[in-house]
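Close look at the chain arrangement
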Amino acid sequence: MVVRQGDERTQIAVLEDGVLVEHYVTRKDSASMVGNVYLGKVQNVLPSMEAAFVDIGRGRNAVLYAGEVNYDASALEGRPPRIEQALKSGQTVLVQVTKDPIGHKGGRLTSQVSLPGRYMVYVPDGRLSGISRKLPDTERSRLKGILKRLTPEDAGVIIRTAAEGASEEALERDLNRLKAQWEVIDAKAKAGANAPSLIYGEPDLVIRVVRDIFNEDFTSLVVQGADEWDTIDNYVRWVAPDLADRTKKWAETEDVFEAYRVDEQLAKALDRKVWLPSGGYLVIDRTEAMVVVDVNTGKFTGKGGNLEETVTKNNIEAAEEIVRQLRLRDLGGIIVIDFIDMVLESNRDLVLRRLLECLGRDRTRHQVAEVTSLGLVQMTRKRVGEGLLESFSETCKECGGSGVILTIDPVVAKRPPKPPRAPKPTAVASAAKAVREEEARNAAANGAASNGAEPNGAVSDGNAPADAGAATSDEPPAESVSAADDTAAADDTAAADDTAAADDAAATGDADATSATSEAAEEVPAVKAPRKRRTPAKAV
């Protein structure tokens, strides 16, 4: 168990083999009311709803159902109990909070007060006693004998799981401490305190978690923060001195949650998708009515065998992770799990059995129903407070938590633009490319002819100087300059002649001027072949 004290909140993490399985958080400005005892005032009774709304002085009225009313104290024995007979508007009633307000729902109350201790729960007006079913049979037999000697006649006692291995003296000290607490509460209620008012307040969350969870199964309790360390150390030495040597104050400079990788695992627990070690994954969705868990194989393809074996392995691994997520996220209410379909009945029983085994480590009350005809596993889990997601999030101001923004006018579906595709080569493009290559070849041939160069590099002009020195001189001879000017002029004249000839051919339909264009158009109708350039005459 790791405790980290902050400026505004205190967090508690429970790790099993280094894996985060439970998380608790308490804020200084919003403490939990669960376990507090109030002297409330009945505001109104609804017989058709079999409930009454009680003002406990916390702003919103809390609800008290008919099944939670202490009818024995209402002197209604021997008659069918009716809530309108036991409670009236304006009446004061002693109640205890069993569930904090969640969302638009108010808190939940009971008039059957119970005081939890380290090893037992004391029920002042109860007539029944019991022992936790999670204890082994031998331990239950030992505690049953102790319970007969310690249980008072006018109260009930329930032995908790933490009482495993506890001595009779320790159980008696715990019982006497709880009896003294009840005497103080009863005296305040009978003294005529102004309703609504707080009669007894449960200790803060840190003390409750240490009292209810910390036992011999834990190897250590690490605390970061001076104030919380003093509170926890004093409480453990007073209630369970045999566990005092397992408490430790964190004195390192590194944050205790970072050292134990708690923050990293919390970030993953807030995600909608949870990956399994083998490659499969879970998708957890929360609705107003229930929590839905979908199991998928994902990247898991199995290692040999057949499809049934692969699916069964994935479902077994998912069952273990689902229980961890339920505990870590503190999910409650109706929970529906959609495992991957399995053909064999034995495999379905194997997965369900593994789910029940893992739920045995869950301290929150739960119940697994039968599998439906569609292969869905239904279960319920008690919802006590806000979950992990509510502790680390707030409702979006834009969409109100729906995830979409509504508009009056229909919205056109916006899709991301597709990347441009490379054009496929066609007959038209191929013909155009051939024409361009022919043009390039003609231009190269014209350039070589205009310079008067032969393929073998000899000088074509007969009047060129014979000596090599004149041929390699930096300054070109006059004849060469005039030849270049004549060539440029001939090129310009030929281009003008070609343009005029093309215009005349287009106007008069001269077949000779457009023969090259007609031939290219017959081969490829969609591409207009360019005019073939006329080779100019050599300048002399």
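Summarised in this report is the structure supplied together with it. Fair warning: this is a prediction, and the values are worked out from it, not measured in the lab. (Residues numbered from 1 in each chain as written. Predicted model: local features only at pLDDT ≥ 70, side-chain atom pairs only at ≥ 80, totals over all residues. Heavy atoms only, no water.)

**Structural notes on empty space enclosed by the protein**
Throughout the structure, instances matching the rule amount to 1 cavity of 30 Å³ or more. Here the largest cavity defines a volume of roughly 40 Å³. Forming the walls of the largest cavity are Arg118, Val210, Phe214, Tyr235, Val236, Val239, Ala240 and Leu243. A per-element tally of the lining of the largest cavity places helix 5 (residues 226-239) first, with 3 residues. Of the residues belonging to the lining of the largest cavity, the class tally is 7 nonpolar, no polar and 1 charged. (1 Å grid on protein atoms, 1.4 Å probe; cavity = no way out; pocket = protein on both sides within 12 Å on 5 of 7 lines; lining within 4 Å. Points joined across faces, edges and corners; volume = space filled by probe spheres on them. Helix = DSSP H or I, 4+ residues; strand = E, 2+ residues; numbered from the N terminus. Nonpolar A, V, L, I, M, F, W, Y, C, P; charged D, E, K, R; others polar.)

**A short note on the pairing of strand 1 (residues 2-5)**
Two elements, strand 1 and strand 14 (residues 221-224), share 3 bridges in a ladder whose sense is parallel. Along strand 14, the bridge assignment pairs arginine 4 with glutamine 224. Summarising the sheet, strand 1 and strand 2 (residues 9-16) pair through 4 bridges and their orientation is antiparallel. Bridging across to strand 2, arginine 4 finds its partner in glutamine 11. Hairpin connection of strand 1 to strand 2: 3 residues between the antiparallel strands. (Pairing = 2+ DSSP bridges.)

**Looking at helix 5**
A rise of 1.5 Å per residue sets the reference length of helix 5, with its 14 residues, at 20 Å; its end C-alpha atoms lie 20 Å apart and thus fit the reference within 8%. Among the residues making up helix 5, those that are buried are Glu228, Trp229, Ile232, Asp233, Tyr235, Val236 and Val239. Along its buried surface, helix 5 packs onto strand 1, strand 2, helix 3 (168-190), helix 4 (205-212), strand 14 and strand 15 (247-249). (Expected span 1.5 Å × (residues − 1). Buried < 20%, exposed > 50% of the residue type's maximum accessible area, 1.4 Å probe, protein only. Contact = heavy atoms within 4.5 Å.)

**As for the packing of helix 8 (residues 307-329) against helix 9 (residues 345-359)**
Between helix 8 and helix 9, the least distance of the axes is 8 Å, while the angle of their chain directions is 15 degrees. In this view, helix 8 runs roughly parallel relative to helix 9, as classed from their interaxial angle. As for how helix 8 packs across helix 9, the hand of that crossing is right-handed. Together, Glu308, Thr312, Asn315, Ile316, Ala319, Glu320 and Val323 of helix 8 and Asn347, Leu350, Val351, Arg354, Leu355, Cys358 and Leu359 of helix 9 make up the contact between the two elements. Per-class residue counts for the contact of helix 8 with helix 9 are 8 nonpolar, 3 polar and 3 charged. (Axes fitted to C-alpha atoms, helices over the stretch in contact; angles between N-to-C directions. Parallel < 35°, antiparallel > 145°, perpendicular 65-115°, else oblique. Left-handed = near helix turned anticlockwise from the far one by under 90°.)

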